[in-house]
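Architecture and fold: a report
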Amino acid sequence: MDKSAGEGDLVKTMDSFSDADFKRTILSALRLLVVITLVAAPLVWWKMGWQSAVLLMVGALISGSGLFEWLRLMTAVMVRMDGGGKAKPMGLILFGFFLRLGLTVVLLYVSLKILNGSVYALAAGLALGVFALTVEGLRLMKAWTV
């Protein structure tokens, strides 16, 4: 029995990092973001009030939509670079990206103007996306180096 074939399956390299791996990482980060938000929102509501809990959810929604837009944008770029599949028009994807960016600014302004909750809860919601992506990145590093 030759163990060299099995060893190649255990040790991954960046050359074998695929579009599916990228998509799986972003979707896992989105799932983690949702789970943390569902756990944290009732705690924030209990400690700081419902306005702060809503601000936390608004921040998490903005952060999650940013991750999802990043997934769409990078998927379109990778399809164009690979040249193997049918690419969506880049103009439509960029329009969606800038539209989401504009809606984010409006949502931030309206939520801060109407809700009298803690700005720290909003900042925590915004930071949850970065945290979830960092956790997934660390999981990738562990899976690819061990």
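Treat the numbers as computed from the prediction; the structure is a model and nothing was measured.

The rules behind each value
- Residues numbered from 1 in each chain as written.
- Predicted model: local features only at pLDDT ≥ 70, side-chain atom pairs only at ≥ 80, totals over all residues.
- Heavy atoms only, no water.
- UniProt positions renumbered as here; feature names shortened; annotations may be inferred.
- Helix = DSSP H or I, 4+ residues; strand = E, 2+ residues; numbered from the N terminus.
- Salt bridge = Lys/Arg side-chain N within 4 Å of Asp/Glu carboxyl O.
- Buried < 20%, exposed > 50% of the residue type's maximum accessible area, 1.4 Å probe, protein only.
- Axes fitted to C-alpha atoms, helices over the stretch in contact; angles between N-to-C directions.
- Parallel < 35°, antiparallel > 145°, perpendicular 65-115°, else oblique.
- Contact = heavy atoms within 4.5 Å.
- Nonpolar A, V, L, I, M, F, W, Y, C, P; charged D, E, K, R; others polar.
- Phe/Tyr/Trp six-rings, centres within 6.5 Å; stacked < 30°, edge-to-face > 60°.
- Lys NZ or Arg CZ within 6 Å of the ring centre and 35° of its normal.
- Patch = residues over 30% accessible without salt bridge, like charges linked within 9 Å, V, L, I, M, F, W, Y side chains within 5 Å.
- Areas by Shrake-Rupley, 256 points an atom, 1.4 Å probe, with all protein chains shown as cover.
- Polar contact = N/O pair within 3.5 Å; in protein donor to acceptor, adjacent residues only side chain to side chain.

With that settled, the discussion passes to the UniProt feature "transmembrane region" (unreviewed entry) in the chain. Under the feature "transmembrane region" (unreviewed entry), the UniProt entry names residues 26-46, 52-71, 92-112 and 118-138. Across residues 92-112, the secondary structure splits into 100% helix and 0% strand, with the terminal C-alpha atoms separated by 30 Å. Strand forms 0% of residues 118-138 and helix 95%; the C-alpha atoms that close the span are 30 Å apart.

Moving on, we come to the pattern of salt bridges. With the rule as written, the count across this model stands at 2 salt bridges. Ionic pairing is found between R139 and E136, a salt bridge with its closest N-O pair at 2.8 Å. In this pair, R139 and E136 both sit in helix α5 (residues 119-145), 3 residues apart, roughly one turn of the helix. For R139, a relative accessible area of 49% translates into the label partly exposed. The exposure class assigned to E136 is buried, which follows from its relative accessible area of 6%.

At a closest axis distance of 10 Å, the pairing of helix α3 (residues 50-82) and helix α4 (residues 90-114) adopts a crossing angle of 170°. If you check the angle between α3 and α4, you find them roughly antiparallel. The residues of α4 that touch α3, namely those facing L55, V58, L61, I62, S65, G66, E69, R72, L73, A76, V77 and R80, are M90, I93, L94, G96, F97, R100, T104, L107, L108 and S111. Classifying every residue of the contact of α3 with α4 gives 13 nonpolar, 5 polar and 4 charged.

What follows deals with the packing of aromatic side chains. If you walk through the whole model with that rule in mind, you get 1 aromatic pair. Ring geometry for F97 versus F98: centroids 5.3 Å apart, planes at 75°, classification edge-to-face. A relative accessible area of 23% places F97 in the partly exposed class. F98 gets classed as exposed once you look at its relative accessible area, which sits at 52%. Looking at K47, its charged tip hangs above the ring of W46, at a distance of 5.2 Å from the centre.

What follows covers a nonpolar patch on the surface. Taken together, the side chains of V35, V39, L43 and W46 make up a nonpolar region of the molecular surface, amounting to roughly 470 Å² of accessible area. Mapped onto the secondary structure, V35 falls in helix α2 (residues 19-48). The class for V35 is partly exposed, based on a relative accessible area of 48%.

Attention shifts here to the side chain of S52. Here S52 shows up in helix α3. With relative accessibility at 2%, the residue S52 sits in the buried group. Within the structure, S52 has its side chain in polar contact with the backbone nitrogen of S118 (distance 2.9 Å). Ignoring any residue separated from it by four or fewer positions in sequence, one finds S52 in contact with V44, G117, S118 and A121.

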